[in-house]
Amino acid sequence: MALGFVLIKVSPRKEREVYEKIAQIEEVEELYPLFGEYDLIAKIVVRDFEHLSDVVVKKIRAIDGVLETKTLTGAKF
């Protein structure tokens with residue numbers, strides 16, 4: 001299992017539209033709006049890091065209005 005937190009910058013006035021599209025992505029377990037440098041944060045849980053990459057590149061970055069993403073991966077202690 002792979003865990004990722006994706007910080008997302010969105011075009012002005014497209015925040016709600018992008019939020020609604022990302023919320024429909026099956027692999028997104030949680031999604032929250034933010035104030036600050038990034039507009040949204042998504043928690044993604046998938047089978048492996050290749051799948052995580054596919055979700056970020058092919059599903060999230062493909063949404064009109066997404067300007068930038070930063071992916072933080074989870075670790076185990």
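Notes on the structure in this doc start here. (Residues numbered from 1 in each chain as written. Predicted model: local features only at pLDDT ≥ 70, side-chain atom pairs only at ≥ 80, totals over all residues. Heavy atoms only, no water.)

**Some thoughts on the pattern of salt bridges**
In total, this model carries eight salt bridges according to the counting rule given. Taking the shortest distance from any N to any O, the salt bridge between Lys58 and Asp54 comes out at 3.7 Å. Taken together, the residues Lys58 and Asp54, both in helix H2 (residues 49-60) and four residues apart, mark about one turn of the helix. Relative accessible area serves as the criterion here: at 29%, Asp54 is assigned to the partly exposed category. Where salt bridges share partners, they join Lys9, Glu37 and Glu68 into one cluster. (Salt bridge = Lys/Arg side-chain N within 4 Å of Asp/Glu carboxyl O. Helix = DSSP H or I, 4+ residues; strand = E, 2+ residues; numbered from the N terminus. Buried < 20%, exposed > 50% of the residue type's maximum accessible area, 1.4 Å probe, protein only.)

**A word on the environment of Leu67**
Take Leu67: it is sitting in strand E4 (residues 66-73). Note on Leu67: relative accessible area 58%, which makes it exposed. The sequence separation of Leu67 and Ile8 amounts to 59 residues, and the corresponding C-alpha distance is 7.5 Å. When neighbours within four sequence positions are excluded, Leu67 is seen to be in contact with Lys9, Val10 and Ser11. (Contact = heavy atoms within 4.5 Å.)

**A short note on the layout of surface pockets**
By volume, the largest pocket amounts to about 170 Å³. The wall of the largest pocket is formed by Glu15, Arg16, Tyr19, Pro33, Leu34, Phe35, Asp39 and Leu40. No other element matches the three residues that helix H1 (residues 15-23) contributes to the lining of the largest pocket. (1 Å grid on protein atoms, 1.4 Å probe; cavity = no way out; pocket = protein on both sides within 12 Å on 5 of 7 lines; lining within 4 Å. Points joined across faces, edges and corners; volume = space filled by probe spheres on them.)

**Some thoughts on the packing of aromatic side chains**
One pass over the structure, following the stated rule, counts zero aromatic pairs. The ring of Tyr38 carries the charged tip of Lys9 above its face, separated from the ring centre by 5.4 Å. (Phe/Tyr/Trp six-rings, centres within 6.5 Å; stacked < 30°, edge-to-face > 60°. Lys NZ or Arg CZ within 6 Å of the ring centre and 35° of its normal.)

**Points about the sheet that holds strand E3 (residues 40-46)**
The strand order across the open sheet formed by four strands is E2-E3-E1-E4, and the pairing between neighbours is antiparallel. Two strands close off the open sheet at either side, each with one partner strand: strand E2 (28-33) and E4. Taking the axes of each pair of neighbouring strands and ignoring which way they run, one obtains an average angle of 20° across the sheet. Examined bridge by bridge, strand E1 (residues 2-10) and E4 share seven bridges and lie antiparallel to one another. Opposite Lys9, over in E4, you have Glu68 as the bridge partner. With respect to the sheet, H1 is in contact with E1, E2, E3 and E4, its orientation differing from that of E2 by roughly 165°. (Pairing = 2+ DSSP bridges. Axes fitted to C-alpha atoms, helices over the stretch in contact; angles between N-to-C directions.)

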